[in-house]
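# Structure at a glance
Here are the chains, one letter per residue:
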Amino acid sequence: MRTAGPIAFLMSSSFRFLVAGLLLIVVGTSLSISPAAAADKAPQPSRRAAESVLRDSDNVRASRQVDEVFRWADTLRQEGQSAESLKFVEAGLRLAPFRMDQQIVAAELLLISRQTNAAREHASIVWQRAESDELLSAAAGVLGLPTITNPPATTWPERGPAIGLVPLGPVDLWLLRALQTDLGKVLQVPVVILPAITNLPTADRPPGHLLAEQWRKRFRDYPHDPVLVAKGRKLQLNPKSIPSNEDVFRLVSAVLESEDRRTKGTNLVADFERDYAALNRLGAQWRAEPLLELLASAHPEVHKPGRALLGVTRNDLFNGESRFVFGLGNSEKRSAVFSYRRFTASVNDTAPNSAKLLERARKQSLSSIGFALGIPRCSSPLCARAYPNSLDEFDAKGSDLCDACLRGFRWELVPR
Ligand SMILES: [Zn+2]
C-alpha cells in the first residue's frame, strides 16, 4: 500500500505531465545537471572512460555519454596531441553527428594536419546548420569566408515607411541580418538595423523559477507527509517555507530519490534531472513589458507615419503571470519585442537547423510587427500571424501572410 502524501499524489497525477506542461517543449535526452549532486559529477576526463563509451554496443546509451569522448579529446588537444585527439573527436561524431561544436573542432584539427578538403567538409556542415554567430564565424574561418561582423549603424530613412530592428542585449547577428532581408522582401519597405540597447534590466525570474513554485505549492499542500518531513529535517529545510529555488530542488531530489529506492521501475530522479536541465538551458526570464517600454522610449522617432519598431532578444520572455510569451506588441507605442530563445535547437535539444530558426523568427517577427501596427489577430492557421498554442502549432502555421493581414500591413505602411 502506498502512503498518502506528495509521493502518492505525484505518482498518480503524472509528474512528467506537470513538468512538460511547464516547459511547453517536451525535451529529449540531455546531459543532466543534477541539482543535488552537480558538484560530485563531472569526473576528470580519462582515456578509460572515453574508450568504454566507444566500446559500448548499446548505441543509445553510448551517445548519451558521448561527452566523455569529447572531453578526453579536448584534453589531448590541449596537450598538443592533435592526431590522437582527432581520432576521438571523429569517433564521437559517429555517435553524435549533429554536435556542431565538435564538427568545428574536427575541422580545426584536420587543418593542423593539412587535410584541407576534409576540414572544409566538416566546416561546411557547420556553415549550413549552426545557429550561433560563434560557430558560424569559426566555420567561415576554415572556409575562407568573411566572418560575421556588427552591422554598420543605420538610421531611419528620411521619409516613407520603414521597420526598425533593434537588438535587445546580445543577439546573433547572422539572424538579425537574415531577418532584415526577409522582412524587407515580404513587407516591401526598408528594414533598418538601429543601435542595440545593451542596458537591459536584470532577469525577473531565475532559471526554473516556475518549477520551484509548483513544488513549493505541493510541499505546502502535503506538509505532514512523513518522507517530506524526514528529508526536510535531514537537509535542515522547512518544507512550508523555502526561499531559495536551489534548496527547493535539493529537497525535491531527496524525496524523489527515496521514492525511486522504495519502488521498482520508477526513474523519478532521472526524469526530474532531465527536466531541470532543460529549464537551465532555457535560462532566466524577463518581463516583456519593461523591455517594450525601454525600446519605445529609446526610439521616440518611431512616431512618424508608416514606422514600427521590433526589438529582438535572445532572452526568454513572459508577461503578467504567463509561463512565457514568444513576443509582445503595443500599437500605441508602435513597438513590439520578440524572443527567439525557444526557437533554438540548443534549448529544444534538437538537431541544429539555422533555416528552421530563421523561419520561426520570421513568422514571429511578422506576428509582432502586426501588433505594433495595430493589425488585429489573425484567425487563419495558414497565416504567419496565427496564434500558436505550442511550438508544434507554431511550426505548422504558414510562413507567409494571409490576404487580410497583407492588406493590413499595406494600409499601415504606406507613406501618408
Ligand atoms: Zn493573417
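The notes below deal with the structure included here. Small disclaimer: the values here were computed from a predicted structure and weren't measured.

A separate point is the overall build of the chain. Looking only at helices and strands, the chain has 19 helices and seven strands in total. For the chain, the residues scored as buried account for 39% of the 416 residues in total.

Now for the sheet that holds strand β4 (residues 307-313). Ordered in space as β2-β1-β4-β7-β6, the five strands form an open sheet in which the pairing is mixed. Since the sheet does not close on itself, it has two edges, and those belong to β2 (191-193) and β6 (327-330), each with one partner. On average, each strand axis in the sheet is tilted by 20 degrees relative to the strand beside it, whichever way the strands run. Relative to strand β7 (residues 335-339), β4 runs parallel, the two being bridged by five bridges. Looking at β7, one finds that L309 is bridged to S335. Lying over the sheet, helix α10 (residues 173-187) contacts β1 (162-168), β2 and β4, oriented at roughly 160 degrees with respect to β1.

The buried count for β1 comes to seven of seven residues, which makes it a mostly enclosed element. Here β1 shows no split at all, with A162, G164, V166 and L168 on one side and I163, L165 and P167 on the other all buried. With seven bridges connecting them, β1 and β4 associate as parallel partners. Note that in β4 the partner of L165 across the bridge is L310. As a crossover connection, the stretch from β1 through α10 into β2 is right-handed.

L135, L136, A138, A139 and V142 are the residues of helix α9 (residues 133-143) that are buried. Taken around the axis of α9, the buried residues stretch over an arc of 160 degrees, which confines them to a single face. Next to the buried residues of α9 lie α7 (100-112), α8 (116-129) and α10. One or two residues past the end of α9 sits G144, with phi positive at roughly 70 degrees.

So, on to the packing of α7 against α9. Closest axis-to-axis distance for the α7/α9 pair is 10 Å, and the angle between their directions is 25 degrees. Here α7 is positioned roughly parallel relative to α9, judged by the angle of their axes. Remark: the crossing between α7 and α9 carries left-handed chirality. Note on element contacts: α9 touches α7 through L135, A138, A139 and V142, opposite M100, D101, I104, A107, E108 and L111. For the contact of α7 with α9, a count of residues per class yields eight nonpolar, no polar and two charged.

Between α7 and α8, the shortest axis-to-axis distance is 8 Å and the interhelical angle comes to 155 degrees. Our classification of the angle between α7 and α8 gives roughly antiparallel. Considering how the two elements wind past one another, α7 and α8 form a crossing that is left-handed. Facing M100, Q103, I104, A106, A107, L110 and L111 of α7, the residues of α8 in contact are T116, A118, A119, H122, A123, I125, V126 and R129. Tallied by class, residues from the contact of α7 with α8 come to 11 nonpolar, three polar and one charged.

Reading the values: the criteria
Residues numbered from 1 in each chain as written. Predicted model: local features only at pLDDT ≥ 70, side-chain atom pairs only at ≥ 80, totals over all residues. Helix = DSSP H or I, 4+ residues; strand = E, 2+ residues; numbered from the N terminus. Buried ≥ 20, exposed ≤ 12 C-beta atoms within 10 Å, placed from the backbone. Pairing = 2+ DSSP bridges. Axes fitted to C-alpha atoms, helices over the stretch in contact; angles between N-to-C directions. Contact = placed C-beta atoms within 7 Å. Right-handed = clockwise from strand over helix to strand, strands pointing away. Arc of directions from axis to C-beta. Parallel < 35°, antiparallel > 145°, perpendicular 65-115°, else oblique. Left-handed = near helix turned anticlockwise from the far one by under 90°. Nonpolar A, V, L, I, M, F, W, Y, C, P; charged D, E, K, R; others polar.

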